[in-house]
There are 2 protein chains.
Amino acid sequence: MNAPRRGRGRPAVLTRERIVAAAVDVLDAEGLDALTMRRLGSRLGVAAMSLYRHLPNREAVLAAVVDRLFAEAVVDLGTGMSWPEALTGFAVAYRRMLLSHPQAVPLLATHPVDIDRGRELLAGLLGTFEAAGVTPHDAVTAVQSVGVYVLGHALAQVGGNPSLDDAALRFYDEWFEAGLGAMVRGFAVNALRGTPPPA
Amino acid sequence: MNAPRRGRGRPAVLTRERIVAAAVDVLDAEGLDALTMRRLGSRLGVAAMSLYRHLPNREAVLAAVVDRLFAEAVVDLGTGMSWPEALTGFAVAYRRMLLSHPQAVPLLATHPVDIDRGRELLAGLLGTFEAAGVTPHDAVTAVQSVGVYVLGHALAQVGGNPSLDDAALRFYDEWFEAGLGAMVRGFAVNALRGTPPPA
DNA sequence: CGTTGTAAGCTTACGTCGTACACAAAATAG
DNA sequence: CTATTTTGTGTACGACGTAAGCTTACAACG
């Protein structure tokens, strides 16, 4: 399963995977500002400069973290559902990931997932629309709109106070479902109408 | 109109207002990373440390910029409209501000507007809902949902490529209106139904 | 006028950041 | 054993935010 042994040189103690995993740990535990090259190195028992053998710079570390977290969000989205169900399921799974990595939310907001990678990860969801006869263009519009809503909502929830009491949590959950429901309903209405181009 | 002369000491060349205005200029021209205390000072013909006489730290500068930009977005929202019209108008005005300060979008995303200040600036819009018999709770839900969608959408548009061709701009505009329309329509459906609590 | 008090701006300095560059260490191939 | 190759390290530089103390430029008072 692991094969970092490629032949000649000094054996690698670091791997891209190990670095990214450690980066997620540091991010969750200490926040985005604490995710420095030195801190990440020390977490791995290694000097900061060693990381540059595996990733070109800090931006690349952040991009890799974004990719890993988004992939974590969209595994097992389930199949055999109508597109409104699948779309809602995606929103819920995405939100669950964001709330379980609250310190990552500002990062996800500022470093969008690579667009092709995003389409790849969401192929199943988009297929649900296609099976229902929705055009790819409209499907992408709906999925992106919902994604953008979920991220924006998590930003608002997490950006304010880091920790919230139960009442506040209920409030945000209610609000989330209200906005999500409104949007999905709105798209469904449009689809039933035969999707006239937006005026 | 201006009264920086308060009596005793050395006359002030700096004002909080002047600093914030310069900060917006630097942000628009060179981006968030370039908005450093030294750069801001040099823009004003002043040493970096001089800024600390007027604002406690860099975070306060950023917060002041956020406040100023959001206030810029919501002046003149118009009156005498139904709440769906007013809500759509708010979304359009907010989006216009974001797209005319693209470098500020990540800042707005990470530094939410102060909640009380936000309610104050949006009092007129919320009144439109009240006049139509919508509960304050539902009004806040709808306004925040739309705000979150607009910001998230601008993040997606601006975060990808900094400059876009006409086709891409049309694509984003279409997408924006589709998602916004869906959401407003969804809330309207709910309101007509008498606003049952979200399941 | 000179002196004094006070607010505003300046200089210097410290610790931290990302990272360029040259080097040391640890393995395999011959 | 030696040469080769890959990985990790040490040092150093410039830029950042900002703490502390100093200087400057005014108004008020004598």
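The structure under discussion appears in the preceding block.
Residues numbered from 1 in each chain as written. Chains lettered and ligands numbered in written order. Predicted model: local features only at pLDDT ≥ 70, side-chain atom pairs only at ≥ 80, totals over all residues. Heavy atoms only, no water.

Remarks on the interface of chain A and chain B
Taken together, the 32 residues of chain A in the interface contact 32 residues of chain B. Of the roughly 2700 Å² buried between chain A and chain B, counting both surfaces, carbon and sulfur atoms make up 72%. Put simply, chain A and chain B have 0 salt bridges between them. Counting the contacts that link chain A with chain B gives 6 residue pairs in polar contact (both at pLDDT 80 or more). Every element with two or more residues in the side of chain A that touches chain B is listed here: helix H5 (105-110), helix H8 (136-159) and helix H9 (166-193) of chain A. Grouping the constituent residues of the side of chain A that touches chain B by class yields 16 nonpolar, 12 polar and 4 charged. (Contact = heavy atoms within 4.5 Å. Buried area = accessible area lost by both parts, 1.4 Å probe. Salt bridge = Lys/Arg side-chain N within 4 Å of Asp/Glu carboxyl O. Polar contact = N/O pair within 3.5 Å; in protein donor to acceptor, adjacent residues only side chain to side chain. Helix = DSSP H or I, 4+ residues; strand = E, 2+ residues; numbered from the N terminus. Nonpolar A, V, L, I, M, F, W, Y, C, P; charged D, E, K, R; others polar.)

Some thoughts on the relation of the copies chain A and chain B
Once chain A has been moved 0.0 Å along the axis and rotated by 180°, it coincides with chain B to within an RMSD of 0.1 Å. The transformation just described matches what one would write down for a two-fold rotation axis. A high fraction, 100%, of the interface residues of chain A reappear at the interface in chain B, so the copies pair face to face through one surface. (Least-squares fit on C-alpha atoms with pLDDT ≥ 70 in both.)

Here's the deal with the packing of aromatic side chains
Residues and elements named next belong to chain A. Scanning the model with the defined rule gives 14 aromatic pairs over all chains in all. Between the aromatic rings of Trp83 and Phe129, the centroid separation amounts to 4.9 Å while the plane-to-plane angle is 20°, which identifies the pairing as stacked. Remark: Phe129 occurs in helix H7 (residues 123-131) and Trp83 occurs in helix H4 (residues 83-100); sequence separation between them is 46 residues. The same class applies to Trp83 as to Phe129, namely buried. Ring geometry for Phe90 versus Tyr94: centroids 5.7 Å apart, planes at 20°, classification stacked. Of this pair, Phe90 and Tyr94 both sit in helix H4, separated by 4 residues, roughly a single helical turn. (Phe/Tyr/Trp six-rings, centres within 6.5 Å; stacked < 30°, edge-to-face > 60°. Buried < 20%, exposed > 50% of the residue type's maximum accessible area, 1.4 Å probe, protein only.)

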